[in-house]
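Here's the letter readout for the chains.
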Amino acid sequence: MNKALPLVMTTDVSLLEIVNLLGFTDQAHFTRVFSRFVGMLPSKVRKNPQLAKDWQLGKFIKQKS
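Residues numbered from 1 in each chain as written. Predicted model: local features only at pLDDT ≥ 70, side-chain atom pairs only at ≥ 80, totals over all residues. Heavy atoms only, no water.

Let us look at the overall build of the chain. Per the secondary structure count, the chain includes four helices and zero strands. Taken from the N to the C terminus, the helices and strands of the chain come in the order α-α-α-α. Relative to its 65 residues, the chain shows a buried fraction of 28%. Carbon and sulfur atoms form 54% of the exposed surface of the chain, whose accessible area is close to 4700 Å². (Helix = DSSP H or I, 4+ residues; strand = E, 2+ residues; numbered from the N terminus. Buried < 20%, exposed > 50% of the residue type's maximum accessible area, 1.4 Å probe, protein only. Areas by Shrake-Rupley, 256 points an atom, 1.4 Å probe, with all protein chains shown as cover.)

To continue, consider the packing of aromatic side chains. In total, this model carries two aromatic pairs according to the counting rule given. Ring centres 5.2 Å apart and planes at 80° place the aromatic pair phenylalanine 24 and phenylalanine 30 in the edge-to-face group. Neither residue differs from the other here; phenylalanine 24 and phenylalanine 30 are each classed as buried. Summarising the aromatic geometry, the rings of phenylalanine 30 and phenylalanine 34 are spaced 5.7 Å apart at their centres and angled 40° between planes, so their arrangement reads as tilted. Note that phenylalanine 30 and phenylalanine 34 are positioned in helix H3 (residues 27-38) at a spacing of four residues, about one turn of the helix. There is no split in this pair, since phenylalanine 30 and phenylalanine 34 are both buried. Joined through ring pairs, the aromatic side chains of Phe24, Phe30 and Phe34 make up one cluster. (Phe/Tyr/Trp six-rings, centres within 6.5 Å; stacked < 30°, edge-to-face > 60°.)

For the rest of this paragraph, the subject is the nonpolar core. Among the nonpolar cores identified, the biggest contains 14 residues, and Leu5, Val8, Phe30, Phe34, Val38 and Val45 are the most heavily contacted of them. In terms of residue count, H3 provides more of this core than any other element does, four residues in total. (Core = buried A, V, L, I, M, F, W, Y, C linked by side-chain atoms within 4.5 Å.)

To continue, consider the environment of threonine 10. Following the sequence through the fold, threonine 10 ends up in helix H1 (residues 4-10). Judged by its relative accessible area of 64%, threonine 10 falls in the exposed class. A sequence separation of 35 residues divides threonine 10 from valine 45, and the C-alpha atoms of the two residues are 9.9 Å apart. Of note is the side chain of threonine 10, whose polar atom sits 2.5 Å from the backbone oxygen of proline 6. (Polar contact = N/O pair within 3.5 Å; in protein donor to acceptor, adjacent residues only side chain to side chain.)

Our next topic: the environment of leucine 41. Looking at the secondary structure, you find leucine 41 in the loop between H3 and helix H4 (42-47). Given the relative accessible area of 45%, leucine 41 is considered partly exposed. Between the alpha carbons of leucine 41 and threonine 31 there is a distance of 6.5 Å; along the sequence they are ten residues apart. Apart from the residues within four sequence positions on either side, leucine 41 is in contact with Thr31, Phe34 and Ser35. (Contact = heavy atoms within 4.5 Å.)

Here it is as structure tokens:
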């Protein structure tokens, strides 16, 4: 998601193109994964990028000890 979020927030690249660029098999799967990590739909982030400006992948990944 660390690659997806900037693409959604700062580009006009379509979500379908982002899905393909990142190697997801379909847009529905991408949307589920994106929503799980970021806490909102990619379309909502696209419309209002400020909602996700403080999002960090590290909050969601357990650190290996």
